There are 2 protein chains.
Amino acid sequence: MTVTIKDIAKILNVSHTTVSRALNNSPLISDETKKRILETAKQLNYVPNYSAKSLVQNRSYNIGLFFSTITQVTSPGFFYETVRGVHSVITDNYNLVVNGIDNYKDFQSIDTKRFDGIILMSQSEKDNALVYHALDRHIPIVVLNREIADAGIVNILSADRRGAYHAVTHLIENGHVKIAIIEGEKGFQATTERKEGFLTALIDKQIPIHGDYIVEGNYTMESGYTAMKQLLRTSHPPTAVFSFNDEMAVGAMKAIFEAGLRIPQDISLVGFDDRQFSSYMTPSLTTVRRAISEVGRAGAKKLLSIIDNNDYVGQKVYIDTQFIRRESVGPAPNEQSK
Amino acid sequence: MTVTIKDIAKILNVSHTTVSRALNNSPLISDETKKRILETAKQLNYVPNYSAKSLVQNRSYNIGLFFSTITQVTSPGFFYETVRGVHSVITDNYNLVVNGIDNYKDFQSIDTKRFDGIILMSQSEKDNALVYHALDRHIPIVVLNREIADAGIVNILSADRRGAYHAVTHLIENGHVKIAIIEGEKGFQATTERKEGFLTALIDKQIPIHGDYIVEGNYTMESGYTAMKQLLRTSHPPTAVFSFNDEMAVGAMKAIFEAGLRIPQDISLVGFDDRQFSSYMTPSLTTVRRAISEVGRAGAKKLLSIIDNNDYVGQKVYIDTQFIRRESVGPAPNEQSK
DNA sequence: CTGAAAGCGCTAACAG
DNA sequence: CTGTTAGCGCTTTCAG
C-alpha cells in the first residue's frame, strides 16, 4: 500500500540508506543518484513516515501553541490572530498543536518526544510553571506577550507601555484632564504595562491622578460595561476614558449611550488592540493597534530557527504598536457649556 | 534520562511485554502484577513514547482540525468557537492539529500515519477534494457545517434554514413587507440555507420577493457596510434587513447610521450567529444563535468514537439554532408617518 | 497469565 | 560516494 524507503531502494537497486540520504538532502551522495531517487520517489508518491523518523530522531515534528486557557478566552480576535500569525510560519512538515495550559493536571506528558518546541501565549505568572518545565526538559520555548525577567528566555513582546502612553497623551492634547481608565485583569502583564503607560503620561503632563478614575475590568465586554457604569456614578464623571482593550471599550460605549451621553461630545473613549469590529462602531473607536499576528509570526519564526540551528539563547524582541485615530475622541467639553 | 518500558521491566523483573500489557490495560495480565507495574510506572514518571507507539500501530495520535483557510477567516469568533468546541473533547493522548486546506498544494502528506482522524469545518464544495481524499485513504473524517449529499459521510450541521425562517417570520410579524437580505458569500452552503429559509418565509406569508432587496455580501463587516449602502440607494429602501451574519449586520448598522437613519425606528435589522459583540451594539442586535462550539464538540465526540470503535458509518446530525430577540427589530414604520 | 522474538520505517555509525 | 549493520521504544505474534 504505502511506499517506503525500502521499496524505492529495491526498485533502484541501491541501499535504503542511500535513498534516505537522497530524501534528506545529504551531501554524502552524488547528484546523479540523488536525482534518480528523488524522481522515482515523487513518481511513487512517497510520503515519509514521521513516526519512524520521530522515533529514531527522538523528536516529534509537533510545535505546541499554548494559551493559558482555551475554554474561556476573553477575546476571540486575540485567539484567532495568534493562531494565524503562528500558523503562517509553520511549514508543512510540522504539526501545529493548539492547547490550553489549564487542560493539564501536570506537565509530565510534555517532553521532547511530544513537542519539538513550544510557543506560549502568556498573560501572567501563572504560566511560569510551563515555562520552567520546558526549560528544564530542554524543550525550546518562546514566550509571547509577557516579559519574563530571566535573561535566558526568548520573549516576543508588544510595546504596550509606549502605546498606552501615546493614547493617553492624545487625550491630554485634546484638553482632557478628567481621564479615567478601565483596567484589564489583575495579574496580566498587559494590564501592568498599559497602566504604567497611562500613569507616566499623566505624570509627564502634570495631570493629577484621581483614585475614582481607576476602575478594574477583566478584558470582557461585560466588565467594560460594568466598569463604565461605575465611572458614571462618580460625582464628577471623567470626560475621557482609556479602556485597556477594545472589548471593554465596546461595553463602555453601551453604558455611555444608556446614560444618554454622547461620544465623543460628552465623553471621549480610546481602546486598545484594534479589533475587527472597532472601526465599525458608531462612532468608530480610536485605539492602539497591537499586531498580535506579528507577535505570533515572529515567535514562530524564532522557534523554528532555534530548532533548526539548535541555538537557544535568551532574547527580547519588541513589536511596536500603532495609534489609530478614529472618531471616539474629541476635545474635552468645557465646564461652562456643561 | 527518560523512563522506558524496558526500565520498568528490569526493575520489576518481568518482561517488557508484561509491562506493556499492564500499561495498556490488557486483560491478559493478573491484577496483582498490573498493580505493581502501574505503581512503579507512576513513581518513575513514565511517559509513553508516542512515536514508538505510532510506528508500530501505524497511527499518529493526531486529530486534524481543518478550515478552508486560516489566513483569511472572515470571523474570528467563528474560528475560536470551532476550536474551543473541538478542543473541549480531545483528550490528553491526542494532539489537536489545526490547519488550513489552502496550505496544501496536494494532500499527499495527509495519510493515516499523519492523522488518526480529521474534522473539517467546511463552507463550500471546494473542500470536497479533502473529503474524498480522506475517505479514499480510509482516514475517518467528520464534516462540520456543510451537508454532503453522500450518505456515507458523517455530517454535523446547524439547522440554519429553520433559523433563518424564524428570523424572517419575526420581521413579518412586526409588520414588515419590504424585507431585504444581505447574503453571505456565494457558494457557501450557509448562504444557500439561510436564503432558502428567507424565501420560504416570504412565500409562506405571501410577501412579494423583490430583486432589489437581495444584495450580496461575503460575511465581512466591510461587505455588510457596502451592501447596506446599496440597499439605501434603492428608490424604496427596505424597512427591514436580514443580514446573513452578525459581522455584516454590524457593517450595515454603520451604513444606516451614516445615512442618518435610526434602528429600529426606520429600519429593523436582524443578524445571524450571535457573536460576542452583538449584544453590546446600540441597539443590541436581534439575531439567530448558532452554537458553533456545539457543532465542533459533537463532531469531535463522534470522530473519537469512530476511531475507538472503528465503526465509520455515514450520519447527519442537526444542531438547532435559537432565535435571540433584542432591540434591533421594531414594528414597521407606517408609510404615512414617513 | 507470562515471556521470547520479531519487526514497524527510519537514521546513524562504521566500514569500505 | 555507497552499503552493512544496528537500534530507536513499542506492540504483537507465538510458545509456553
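About the criteria used
- Here the residue index of a chain counts from 1 through its sequence in written order.
- As they are written, the chains are lettered A onward and the ligands numbered 1 onward, keeping that order.
- Selection of residues for local features in this predicted model requires a pLDDT of at least 70, selection of side-chain atom pairs for listing and counting requires 80 or more, and totals for whole chains, interfaces and linings are taken over all residues.
- Calculation of side-chain values draws on the structure's entire complement of heavy atoms; hydrogens and water are dropped beforehand.
- In DSSP terms, a helix is any run of H or I states spanning at least four residues, a strand is any run of E spanning at least two, and both are numbered starting from the N terminus.
- Whether a residue is buried, partly exposed or exposed follows from its accessible area with a 1.4 Å probe, protein chains only, as a fraction of its type maximum: under 20%, in between, or over 50%, in that order.
- Think of a polar contact as two N or O atoms within 3.5 Å of one another; within protein, one of them needs to be a possible hydrogen donor and the other a possible acceptor, and neighboring residues in sequence only count if both atoms come from side chains.
- Every residue pair with non-hydrogen atoms within 4.5 Å of one another is taken to be in contact.
- Once two parts are joined, some of their accessible surface, as seen by a 1.4 Å probe, is lost; buried area is that loss totalled over both.
- Salt bridges are counted wherever a side-chain nitrogen of Lys or Arg sits within 4 Å of a carboxyl oxygen of Asp or Glu.
- UniProt positions are given in the numbering used here, feature names are shortened, and annotations may be inferred rather than shown by experiment.
- Each nonpolar core is a collection of buried residues, namely Ala, Val, Leu, Ile, Met, Phe, Trp, Tyr and Cys, held together in the definition by side-chain atoms within 4.5 Å.
- The least-squares superposition of copies is restricted to C-alpha atoms, and to residues with a pLDDT of at least 70 in both copies.
- Here, proximity means that at least one heavy atom of the residue falls within 4 Å of the molecule or strand.

- Going by what an unreviewed UniProt entry lists, chain A is known as LacI family DNA-binding transcriptional regulator and is assigned to Alicyclobacillus mengziensis.

### A short note on the side chain of A:Thr234
Residues and elements named next belong to chain A.
- Looking at the element boundaries, Thr-234 is found in the loop between α9 (221-233) and β8 (240-243).
- Looking at Thr-234, the relative accessible area reads 16%, which means it is buried.
- A polar contact is formed between the side chain of Thr-234 and the backbone oxygen of Leu-231, at a distance of 2.6 Å.

### Topic: the interface of chain B and chain A
- Each partner contributes residues to the interface: chain B has 57 residues there, and chain A has 57 residues.
- Both sides of the chain B and chain A interface together cover about 5,000 Å² of buried area, and 56% of this is carbon and sulfur.
- Seen at the junction of chain B and chain A, the total is two salt bridges.
- For B:Asp92, the salt bridge identified is with A:Lys105, shortest N-O distance 3.9 Å.
- Breaking the side of chain B that touches chain A down by element, the ones donating at least two residues are α4 (50-57), α5 (76-87), β2 (95-100), α9 (221-233) and α10 (246-258) of chain B.
- Among the elements that line the side of chain B that touches chain A, the one with the most residues is α5(B), at seven residues.

### Quick notes on the UniProt feature "domain: HTH lacI-type" (unreviewed entry) in chain A
- According to UniProt, the feature "domain: HTH lacI-type" (unreviewed entry) maps to residues 3-57 of chain A in the numbering used here.
- Taken end to end, residues 3-57 of chain A is 67% helix and 0% strand, and its first and last C-alpha atoms sit 21 Å apart.

### Observations regarding the nonpolar core
- The biggest cluster of nonpolar side chains holds 93 residues, and the ones touching the most others in it are A:Met228, A:Phe242, B:Met228 and B:Phe242.
- In this structure A:Phe242 touches A:Ala164, A:Ala167, A:Val168, A:Leu171, A:Ala180, A:Ile181, A:Ile182, A:Arg194, A:Phe198, A:Val270, A:Gly271 and A:Phe272, once residues within four positions along its chain are discounted.
- Membership of the second largest hydrophobic core comes to 62 residues, among which are A:Leu144, B:Tyr80, B:Val98 and B:Leu304.

### As for the pattern of salt bridges
Residues and elements named next belong to chain A.
- Within this structure, the stated rule accounts for 39 salt bridges over all chains.
- A salt bridge links Glu-247 to Arg-275, with the nearest nitrogen and oxygen atoms 2.8 Å apart. Of this pair, Glu-247 sits in helix α10 (residues 246-258) while Arg-275 sits in the loop between β9 (268-270) and β10 (287-289), and the two are 28 residues apart along the sequence. Side by side, Glu-247 and Arg-275 carry an identical accessibility label, which is buried.
- Shared partners join several salt bridges into a network, and the residues in it are Asp-160, Arg-194, Glu-247, Asp-273, Arg-275 and Arg-290.

### Some thoughts on the relation of the copies chain B and chain A
- Mapping chain B onto chain A leaves a residual RMSD of 0.1 Å; the transformation is a rotation of 180° accompanied by 0.0 Å of translation along its axis. The relationship between the two copies is best expressed as a two-fold rotation axis.

### Re the protein's contact with DNA strand D
- Around DNA strand D, the structure places 28 residues, and the nearest of them are A:Thr17, A:Thr18, B:Ile5, B:Ser20 and B:Tyr46.
- Counting only atoms of DNA strand D within 4 Å of the protein, the sugar-phosphate share comes to 56%.
- With respect to DNA strand D, the side chain of A:Arg21 contributes an N or O atom lying 2.7 Å from a base nitrogen.
- In this structure, A:Ser30 approaches DNA strand D through a main-chain N or O atom, which is 3.1 Å from a phosphate oxygen.

### Overview of the protein's contact with DNA strand C
- A:Ile5, A:Ser20, A:Tyr46, B:Thr18 and B:Arg21 are the nearest of the 25 residues found near DNA strand C.
- The share of sugar and phosphate among atoms of DNA strand C within 4 Å of the protein is 59%.
- Within the side chain of B:Thr17, a nitrogen or oxygen atom sits 3.1 Å from a base nitrogen of DNA strand C.
- Those elements that provide at least two residues to the surface near DNA strand C are α2 (16-23) and α4 (50-57) of chain A together with α2 (16-23) and α4 of chain B.

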